[in-house]
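# Structural characterization, general
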Amino acid sequence: MTENIQKIQNTAPAIPTGAVWHKWDLHFHTPASFDYGNEATSFEELADRINRSDLDAIAITDHWTLDGYEKLRPFIKNKLVIPGIELRTDKSARSNPLKTGGEGSGVIQAILLFPPNLDLKEDIEKNFLHQIYLCEREESGLKITRKDLVELGKKHSGKSGLSEKQYYDLGCGQAYIDYVKAAKAAQKLGGLVCLTYEKHGGFDSIDPINDSIFKSNLVKDCDLVETGKEEIRRSFFEHTDILKCCGKKTPCFRGSDAHRKEDVGKRYTWIKSELSFEGLKQIKYFPKERVSFAEQRPTYSYPRIKSISLTNIDKNHPLGTLAAPVHFNDNLNAIIGHPSIGKSTLAELIAYTFDQETKQEEGEAQTKIEYLQEVNPNLEAQIEVAVGATTSKISRNLEGAVGGDLEMHEFSLTYINQGYIDRTARDSGAVNELVTAKLKEPELARTAGQMKQTADQLKVQRNKYLGRFVLEREKQGLVEELAKTEKMSKLSESAANKKLGEHLEEATKKERALKSALKELKNLEEILSRYSAELAQIHITPASIETLFPSIKGVKIPKISTLAADPLLDITALIKKVEEAIEFEKVKAERKDLMDKRKTLFEKEGITVSAAKLAEAEKLKESLAQSVTEKQEEIAECFKGKESVATLVKTLLEWKKQYEDLNAASLIEFNTGLEKIQAVYEPAELEPWLLTVLTDEAKEAWDKFTPAEEKKNAKFIKPSEDDIGKLINRMKKDKQCETAGAVAHIQKSLDEGMLPFKDKDPAGHIKWLFGSNGPVLPEFLKLRLQEFALLGKNQVCYDGKNISTEGLSFTERCSALLEIILQKGEEPLLIDQPEENLGSGYVAKILTEKLLKRKMERQIIVISHNPNTVVLADSDMVIALDHRQGGDDIELKMGSIEAGGMQDVVCNIIEGGKDAFKIRYERYLISGQGAAQESELQGAETAPKSKARASQETAGTASV
């Protein structure tokens, strides 16, 4: 039977999962209990009900007997079954007995749980049942057997003729045992002692005032407490007064106390461990982290890495012998191994798969990935990840090719390689930069973006309004031009201008006729010049023509014959005479006189006129009127910009408040759980902003929005920040206010058109501030001075010192970095030797507590050589890379700390073996430390606890 139990117990899951949540019922009865609800229920029926339930582990805890466990166990499949027994003790709520009636009211019940691998006959019966006497009467020889319980029932009943079952029930109702002796005997066998709290047989009814010592001693001697209330569970591991009285954290569980098959699975406890009795024992050390009273199985929505597989790896490489995938737990994973065995290489392969930078370590010629590319060019890493309940895969070979159903950017990973903390801590500003990056959460970034967008819109609308000054100057020029055009049009219709126009038109016609005659002569000259050579070669003799053609008498043949002569001389001479003719001069003088008279007529009205302008006067007037209307519309639109500024300023200030509220909440969340690191918000300073506004921005506004015509008459000289500073200080002193009060005073002075104070300040009031250089600057300042909405900066303090401005030691910066890295983010954290450069005291007291807390909020994978990091932080999965016996090949071992064989592996790798651990333990014991491992080292389970051990257990420590 024992072999069968061990076989079932040691059946390993197909995939190593480490410590995971299982559903346990640690208080369960069978028909073997004398008070079972339905005696007709068979063990086969009860086992069937259990097999069909989703319970993972069940403890059979019948009253006074293990018979129910022995009968039921063979019928239960694929579940952990723990032998147990429920006993009435000699302890009772004496000052406040239970009012449930019946004999034995107020007696405290104890549940004893034993390792399933114990032999019922040889171990439990011989070393426990036959060692504990009933009713404190050793002389009677009554022990925990059915026979003796029947005998006890006969003695107390005073009746005869009852059945054996009736006497047995009476005996069970009367029997009790020595609690302390029973507890020690059970614990010596490796068992667990449990007390019920608020139910019948519980110890909550003990008067906490008069019997506090009695009550606390009960808890000190027990291992577990049964309760159905979450607040009670929490009090046993976090209530200050309870911890002080009991001297330890005590885990609680919720059992069904089922006395009917219908109650199977109705009440249970979620326990995070290997599905083994050794896993159950771990809740003694970690009652908060490993126990849950939730209705549903605790699950994790944050991103997790589930496994990594290496393919195409050279078998000659040390990692080439990793035949199976490396699996990871959802919480804390510790990768351990001897030096240079491949731990950091494995970590870098994970980081490389998600395109994380693998920084070169100081002194190395190449990174581990670069080295792998040389010796394993075909290697490929395949990783399975999960977000919530959804799983995905991604792969990447050493050439960079990515495969799978997930893109690298879709899964975040924080990778801190070996030496990162050391390198970063040497830069005094790096820690502060890291905090800034960690605090920029999406909502903060979005709000900051909205602020920037609003500020940009505000600048556009402010500039739009200030642009009106240029537009108004342009409109003014158009209006003046339009007025002149209208006058010109009016004068052009006057009698004097019309008369001058008629004379000018006559003179113009006459001049045009003279010029036309001259042009015709020049045209004839041009024709004759073009054909003069041909004409000179034609010889016509009048006499010969007349002789040959006597019939044509009467034709002017002699005149025609002269065409062959040179007529150009006569025409050229004529043209010269015409050009010099006095008629041209007379008509020019006449036209000039008429035009001068018209000019004088218009100039009297301040109008410069031309014939073209007069001709287009009406069209020009319409065009100018349209331009004036358009400019007016543009100016009206500018005033809408001023209205928008007021709305946008309000919006900007609302965004700023929202950002600061979000940031404050983010800082609270960031600071929660940190020991020495505290991030604080420092608001932006008003005075530097004000100096910039009153110097550089004011000059820029004047240059951009002052019309060119006004710039001709004034030259703006930007004042110095020193002069502005003096002005601000004078106002602050005069008005007894801070910088914000000075700004308000400037705004009021601008609105009222008054100087800020009557007497002169060192800079002569800096006249440009109050409009001596035109209207642009006062309007600019009225708008701009209401827009102060700069965001401050988050500063980080370590142990009260500002990291950016005050000197921190190297160790302090390392500690600060590590706290920040652990605290912020929900993505998986892969960190190589987090304890590097940190004192052992910090690792044992602070780092392990941080890991314990954060591992429930994000997946953490650490590579470590420090036993405190691995053991005291309660690694849910240990991934051990060890050399195979007699060779250099790597053997992969995975499991939780409590898994079979893993304790020896952990001890051999990170403690140097049990002998080395024992020597260190004995040395520490001299100073009163290390006694938590006393029983494991010396095999003395019954040895009394030292104060050091009690202190260790209070801190939630566990031995390797």
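Since we're looking at a predicted model, the values are computed, not measured.

### Focus: the packing of aromatic side chains
- Scanning the model with the defined rule gives nine aromatic pairs in all.
- With a centroid separation of 6.5 Å and 75° between ring planes, the pair formed by Phe-203 and Phe-236 is classed as edge-to-face. You can see Phe-203 sitting in the loop between strand S5 (192-196) and helix H8 (212-221) and its partner Phe-236 sitting in helix H9 (residues 230-238), a full 33 residues away along the chain. Taken as a pair, Phe-203 and Phe-236 share a single burial class, namely buried.
- Measuring from centroid to centroid gives 5.8 Å for Tyr-268 and Trp-270, while their planes differ by 75°, and the two rings are edge-to-face. There is no split in this pair, since Tyr-268 and Trp-270 are both buried.
- An aromatic cluster is defined as three or more aromatic residues linked by ring pairs; in this entry it consists of Tyr-197, Phe-203 and Phe-236.

### Focus on the sheet that holds strand S12 (residues 332-337)
- Ordered in space as S16-S20-S21-S12-S22-S23, the six strands form an open sheet in which the pairing is mixed. Each of the sheet's edge strands pairs with one partner strand only, and the pair in question is strand S16 (414-416) and strand S23 (890-895). The average undirected angle you get between the axes of adjacent strands in this sheet is 10°.
- Bridge analysis of S16 against strand S20 (residues 829-832) gives three bridges, and the strand direction is parallel. Across the sheet, residue Tyr-415 finds its bridge partner in S20, namely Leu-830.

### Points about the confidence of the model for the chain
- Summarising the model, the chain shows a mean pLDDT of 80, and 80% of its residues fall at 70 or more.
- Note that pLDDT drops below 50 for residues 1-13; the model gives that stretch 16 contacts with residues more than four away or on any other chain.
- Across residues 925-960, where pLDDT falls below 50, the model places 57 contacts with residues more than four positions away in sequence or in other chains.

### Some thoughts on the side chain of Thr-41
- Here Thr-41 is to be found in the loop between strand S1 (20-28) and helix H2 (43-52).
- We classify Thr-41 as buried; its relative accessible area is 6%.

### As for the pairing of strand S3 (residues 80-92)
- Among the 13 residues in S3, ten count as buried, and that is most of the element.
- Relative to S3, strand S2 (residues 57-63) is paired through seven bridges, and the arrangement is parallel. Its bridge partner being in S3, His-63 is matched across the sheet by Glu-86.

### Points about the packing of helix H25 (residues 686-705) against helix H28 (residues 739-752)
- Where H25 meets H28, the axes come as close as 9 Å, and the angle between the chain directions of the two elements is 30°. As far as their axial angle goes, H28 and H25 are roughly parallel. The chirality of how H25 crosses H28 is left-handed. Only Thr-739, Ala-740, Val-743 and Ile-746 of H28 make contact with H25, whose side of the interface consists of Leu-686, Glu-687, Leu-690 and Leu-694.
- For the contact of H25 with H28, the per-class residue count stands at six nonpolar, one polar and one charged.

### Quick notes on the side chain of Glu-86
- Position of Glu-86 relative to the elements: it lies in strand S3.
- A relative accessible area of 5% means that Glu-86 is categorised as buried.
- Of the polar contacts made by the side chain of Glu-86, one reaches the side chain of His-27; its length is 2.9 Å.
- In terms of polar contacts, Glu-86 uses its side chain to reach the side chain of Gln-109, at 3.3 Å.
- In contact with Glu-86, other than residues within four places in its own chain, are His-27, His-29, Thr-61, Asp-62, His-63, Trp-64, Gln-109, Ala-110, Ile-111 and Asp-257.

### Concerning a negative patch on the surface
- Together, Glu-502, Glu-505, Glu-506 and Glu-590 line one region of the surface with negative charge.
- The element that contributes the greatest number of residues to the negative patch is helix H18 (residues 495-536), accounting for three residues.
- Assignment of secondary structure puts Glu-506 in helix H18.
- Accessibility expressed as a relative area gives 52% for Glu-506, which makes it exposed.

The rules behind each value
Residues numbered from 1 in each chain as written. Predicted model: local features only at pLDDT ≥ 70, side-chain atom pairs only at ≥ 80, totals over all residues. Heavy atoms only, no water. Phe/Tyr/Trp six-rings, centres within 6.5 Å; stacked < 30°, edge-to-face > 60°. Helix = DSSP H or I, 4+ residues; strand = E, 2+ residues; numbered from the N terminus. Buried < 20%, exposed > 50% of the residue type's maximum accessible area, 1.4 Å probe, protein only. Pairing = 2+ DSSP bridges. Axes fitted to C-alpha atoms, helices over the stretch in contact; angles between N-to-C directions. pLDDT = per-residue confidence, 0-100. Contact = heavy atoms within 4.5 Å. Parallel < 35°, antiparallel > 145°, perpendicular 65-115°, else oblique. Left-handed = near helix turned anticlockwise from the far one by under 90°. Nonpolar A, V, L, I, M, F, W, Y, C, P; charged D, E, K, R; others polar. Polar contact = N/O pair within 3.5 Å; in protein donor to acceptor, adjacent residues only side chain to side chain. Patch = residues over 30% accessible without salt bridge, like charges linked within 9 Å, V, L, I, M, F, W, Y side chains within 5 Å. Areas by Shrake-Rupley, 256 points an atom, 1.4 Å probe, with all protein chains shown as cover. Salt bridge = Lys/Arg side-chain N within 4 Å of Asp/Glu carboxyl O. Lys, Arg positive; Asp, Glu negative; His and termini not counted. Charge placed at Lys NZ, Arg CZ, Asp CG, Glu CD.

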